[in-house]
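Residues per chain, in single letters:
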Amino acid sequence: MADLNDVWNWPNDGANGYATDSNDWKDDNSAGISQRVNNVLTYVYKQHQTNNLHYTNDLSRTRDVLNRGFAAYKHYHSSHSDDKHPTFNMLARYPQMEFSIRPNGRTIGGIHYELNSSTKMPQIRVQFTSAHEFGTGDEIEFYGFENDSTGRNDRRLNTKRAYVSIVDGFSVVLHEDSALTKLEQISEMGFFAQSDIFFTMLDDGTGSEDAVVHFDGFAETLVTGDTMTIADPFVNLTGTVAGASGTVYYLEKISNNSYKLFTNSGRTTNATITSGQGKDKFASPASGGIPFSIASSGSAATIAVNLSDSSFNSLKANIESQNMTPETSSEDTTNIFRGFCRVELTAGTGTSKAIPSSMGDTAFFGYKYTKSTGALEILTDPCGAFGARDASVLTATNGSGNITGNIKIIDYWSYRVESPGTYASASSQTQIVPTNGTNVGGMYFFGTVNDTSLNPLTPLTHPLASEKGTLYQGNKTSEDDNTNFDKLIYHIASTNCRSPGRKSYFYKNSSNVDTAGAVYDFTKFWRPGQSSHFTPTYITTPTATPNVNSSGFLTGTTALDVFPARGLFTLAGLGLTSSVNIENTAILSGSPAKPATHTIEKVGLFPINAKADEYVTPTPYAPDVFDTDDEWATNDLNDARDWPTVVAPNGVKFTQVIPSSVTKSQNGTKYVRDSGIIRHQLEVSYPPMTEDNFRHFEAVSQAARGQAVPFFFELVATGDLPPTPGGLFWRRTDTENSNLNLGTGSELKIVTPVAVGDAVFTLEGFEASKTKAFIRGECIIISSAISKNGHIVHVINDNVTTNKFGEAKIRVAMGSPNLLRGSATSGDQSKDSSSVFKNPFHLVVTLAEDSFEYEKGTDGLYRFTCRFDLDNFK
């Protein structure tokens, strides 16, 4: 079965208007598809309606743009049931409001790592390019970060969820907890407050007091030239290392976890410690420190001493007053204490690390003191990686005797001691940064203040953020969002009015007033090129509505400002995982498959319907409900006003009249001027009937008020009529007619306007290439603007065949007395004078005379004959 849809072959042959047959596409619009689409564009099918969008003036639509929409969404238009087969009238009637979608995230303009102006705590502020709509305490999630070109792990944000406090309409600050008592710190990005910082001082031999910062835990990724910034000033340090809040220092790496500090970016001026922790050494029994003497005999030996003797009690108390990060989270910090020390060798040579020969500030070492045994073990570096620190013991050798020397414990500056409020517990390695800065002192942080450099994930134009559960589904297993597109949640971004249609949308409000209003049917999603709609699944069903003006016509915009109007869904939820848009561009491509752009344009459309009526008709009080046949009270059209059918006629006499004026010239030439109309009269005779049946006819003849009121005379077997095959008359019963597959309504549409005097009409709504679409003498129902003769005309030409567009041309005997179609300027005109029906099912008639004669026989039966004029509603 071929029909109008078969003339397009979208998405192929775009240069030829997607026409299946290239001959159907004419640049000059002289014929074929291009002619008909251009007729829609220029309102040949329907005059432009006041207050409706105009294809060219308002929407800047071209023939090709409109044609692409008709080709790609042809099955959407065919899904409407106005006509049995697709027609250009149907294409022109229904609007195409096309949708674009985008990820459900606010675009991030910058990530700012900064000091809170009041608490001096380092915070991460997320800045958006437009108003963010977050509420205090909302949980935030991120999407689309790529690693920074410097090596900073921005991807860490992709799996981060945090809580927000509101700075202003465009910025939020991240917190670890919903109570907003702890500031979020993301160390893996390079933006973080250092959890374990220790300071010592080194002397390069010139008496300098160079400050050295040590980090405990995993090996740091900081490199020479990186910066540290002070949050709160230090309490126990003096010198240039103890700057004010916001002071920036520059690092020079000297070991994996230790860095010299400089006050200038060129690193020519050292930051210094002049007194206090980090420089001074705790006293020991001998002014030279804690002596040791260890047998060597040429082999490397571990440097260690025992402090069980009571002479070390004061020193042990000092050691226990400070402690570094435990080796493991289970380490007993009441028994094991760690820190910094100085070491000198008076005999022997260091093997695992160089050891100076005199006690000074040119080197530092670590120690581990076990209180229960008194053992003081010396380590090469106190800040080794977790789980391996104790393996880096300090060793030395002496081939000619014992290894001898002294140890002095450094009273180092400890962030852990000075800021106990930043740790969950004494042994915890998890840092907490209180929002209000309570119990925080001497905090350093890393990263660039007001850093806004962002590397977005391709194809996203910028990283995104949204409320938890609205940006992606479930939990990500990878920080690389290139692999997480299947989890991304989208919303409707915008609409594009590809074709405004000619429908107007009204509903009954609660006061029973006709009110303009339309809704989308979000249960049916039509994608380009699909032969049937897709049934979507939503995370949140959209509630957006198309905007209409006071006349009920689309304005070309949609209310999408707030949720849930925009809805939430995945690409799979709209069936877009292997689909294309209106330009035949793949929605997803590449490996892994992902959208080509941030916003996916023109992915499909939803049907538009009038809003549901709000008015509920009051239930009548049953005893007061009467049927008084009020339909006969006026002369207006009323489908319930019918001539009785309780008894079928037993015969019909037809009188056809074509009025004309005739004159003859003196030479006998006959001149005739026809009136341009054809009138029929029916003389219908009825068989004898009972009084119960006859009273129906008598009552209706009176209700018709003589010749005043038009009504319908039924041609099909309805009510109590005896079955009449094919109807009473003027109905085709041949096989060719039934094979036209037009359905019970047999509705067709007049394609182009009918001018006064036109007797040839083009009709559409057939299948393609059907023979005997009309035969000579066939009767059809047509507009009263053409026929006042019961709304019928007879076809003059014979054996009409339809073309590939499902169109047929017929000729009638008399030209149209009126301009047909396009005269009205508002309202839904789809069921107007453009409709034509084959196989008449009724005629519009009036009684042909004022008198109604009947007789009653001795058998008690009534007999009558009634005459009707084919007429029209006034």
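Above: the structure in question.
These figures come from a predicted structure and were not determined experimentally.

K.L.:
With reference to specific residues and values, describe the overall build of the chain.
P.N.:
Of regular secondary structure, the chain possesses eight helices and 51 strands. Computed over the C-alpha atoms, the radius of gyration of the chain is 47 Å, more than 25% above the 29 Å expected from 2.2 N^0.38 for a compact globule of 874 residues. For the chain, the spread of C-alpha atoms along the principal axes amounts to about 160 × 70 × 40 Å. Counting all 874 residues of the chain, 51% fall into the buried class. In the chain, 71% of the contacts between residues at least 6 apart in sequence involve partners at least 24 apart. In the chain, which carries 71 positive and 94 negative side-chain charges, the distance between the mean positions of the two groups comes to 6 Å.

K.L.:
Account for the sheet that holds strand β24 (residues 403-409), naming residues and giving values.
P.N.:
Here six strands make up an open sheet; going across it, the order is β16-β24-β19-β21-β22-β18 and the pairing antiparallel. Unpaired on one side and paired on the other, β16 (290-294) and β18 (304-306) mark the two borders of the sheet. On average, adjacent strands in this sheet sit at an angle of 35° to one another, irrespective of strand direction. Pairing of strand β21 (residues 365-370) with strand β22 (residues 375-379), which is carried by five bridges, proceeds in the antiparallel orientation. Bridge assignment links Thr370 to a residue of β22, and that residue is Ala375.

K.L.:
An account of the packing of helix α1 (residues 32-41) against helix α2 (residues 63-72) is needed here, citing residue identities and associated values.
P.N.:
Between α1 and α2, the least distance of the axes is 9 Å, while the angle of their chain directions is 105°. Compared by their axis directions, α1 and α2 come out roughly perpendicular. Facing α1, whose interface residues are Ile33, Ser34, Val37, Asn38, Val40 and Leu41, α2 presents Arg63, Leu66, Asn67 and Phe70.

K.L.:
Let's hear about the pairing of strand β28 (residues 464-467): which residues, and what values?
P.N.:
As defined by bridge partners, strand β2 (residues 106-115) adjoins β28 across two bridges and the pair is classed as antiparallel. What sits directly across from Thr107, in β28, is Leu464. One ladder, built from four bridges, connects strand β4 (residues 139-143) with β28; its direction is antiparallel. Opposite Ile140, over in β28, you have Glu467 as the bridge partner.

K.L.:
Describe α1, with residues and values.
P.N.:
Across the ten residues of α1, nine count as buried, placing the element largely inside the fold. Among all positions of α1, only Gly32, Ile33, Ser34, Arg36, Val37, Asn38, Asn39, Val40 and Leu41 are buried.

K.L.:
Outline the nonpolar core, supporting the account with residue identities and numerical values.
P.N.:
Core analysis: the largest hydrophobic core is formed by 53 residues, its most contacted members being Ile140, Phe199, Leu261 and Tyr444. Once residues within four sequence positions are removed from consideration, Tyr444 is found in contact with Ala193, Gln194, Ile197, Phe199, Met228, Thr229, Ile230, Phe234, Val241, Tyr249 and Leu261. Grouped together as the second largest cluster of nonpolar side chains are 36 residues, Phe282, Phe292, Phe337 and Ala363 included.

Here is what the cut-offs are and how they apply
- Residues numbered from 1 in each chain as written.
- Predicted model: local features only at pLDDT ≥ 70, side-chain atom pairs only at ≥ 80, totals over all residues.
- Heavy atoms only, no water.
- Helix = DSSP H or I, 4+ residues; strand = E, 2+ residues; numbered from the N terminus.
- Rg over C-alpha atoms; globule rule 2.2 N^0.38 Å.
- Buried < 20%, exposed > 50% of the residue type's maximum accessible area, 1.4 Å probe, protein only.
- Contact = heavy atoms within 4.5 Å.
- Lys, Arg positive; Asp, Glu negative; His and termini not counted.
- Charge placed at Lys NZ, Arg CZ, Asp CG, Glu CD.
- Pairing = 2+ DSSP bridges.
- Axes fitted to C-alpha atoms, helices over the stretch in contact; angles between N-to-C directions.
- Parallel < 35°, antiparallel > 145°, perpendicular 65-115°, else oblique.
- Core = buried A, V, L, I, M, F, W, Y, C linked by side-chain atoms within 4.5 Å.

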